[in-house]
Amino acid sequence: NNPTQSVKPSANPTGAPAAPPTKAPTKAPTKAPTKAPTMAPVITCEDDVSYTFTLENENTQNCAWFSKNALTFADRQAMYCNTTQNGRLISEVCCAGCTFTGPETS
């Protein structure tokens, strides 16, 4: 183990520190914690019951049409949910209908 050599000391010592040392720590440096955070808002997925759209066969339907037939809901969603009619995207107006996954089983 070989110690390193020190730099030669200066002829005059340096001056006093520029600022005095800080005082002892405060008793309570921070306030008590705030209330627990709130939950993120819940966005509901509901159909606009007044909205209607036109099918390829010229029939007019509302959002409930998507879930009326358990055998065809997926085909109906694929065909219409990503279409815009009457200036609105059907999947946004018919949120529940376009996210329907089939009848509940118990």
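Below is a short write-up of the structure. (Residues numbered from 1 in each chain as written. Predicted model: local features only at pLDDT ≥ 70, side-chain atom pairs only at ≥ 80, totals over all residues. Heavy atoms only, no water.)

1. With respect to the state of the cysteines
(1) Moving on: A complete count under the given rule lists 3 disulfides for this structure.
(2) Moving on: Put simply, Cys45 and Cys95 are joined by a disulfide, and their sulfur atoms are 1.9 Å apart. Around the S-S axis, the bridge from Cys45 to Cys95 shows a dihedral of about -115 degrees and counts as left-handed. Of this pair, Cys45 sits in the segment before strand 1 (52-54) while Cys95 sits in helix 3 (residues 95-99); the two residues are 50 residues apart in sequence, bridging distant segments of the chain.
(3) Moving on: Cys45 gets classed as partly exposed once you look at its relative accessible area, which sits at 34%.
(4) Moving on: Two residues, Cys63 and Cys94, share a disulfide whose sulfurs are 2.0 Å apart. For the disulfide bridge between Cys63 and Cys94, the dihedral angle about the S-S bond is near -65 degrees, and by the sign convention the bridge is left-handed. Here the residue Cys63 occupies a position in the loop between strand 2 (60-62) and helix 1 (73-80), and Cys94 occupies one in the loop between helix 2 (90-93) and helix 3, the gap between them amounting to 31 residues. Here Cys63 and Cys94 have matching classes, each one buried.
(5) Moving on: Numbered in order of appearance, the disulfide-bonded cysteines of the protein chain are paired 1-5, 2-4, 3-6. (Disulfide = S-S within 2.5 Å. Helix = DSSP H or I, 4+ residues; strand = E, 2+ residues; numbered from the N terminus. Buried < 20%, exposed > 50% of the residue type's maximum accessible area, 1.4 Å probe, protein only.)

2. A few points about the pattern of salt bridges
(1) Moving on: Inspection of the entire model under this criterion finds 1 salt bridge.
(2) Moving on: The salt bridge partner of Arg88 is Asp48, with a shortest N-O separation of 3.2 Å. Taken together, the residues span a long stretch of sequence, with Arg88 in strand 4 (residues 88-89) and Asp48 in the segment before strand 1 at a distance of 40 residues.
(3) Moving on: For Asp48, a relative accessible area of 23% puts it in the partly exposed group. (Salt bridge = Lys/Arg side-chain N within 4 Å of Asp/Glu carboxyl O.)

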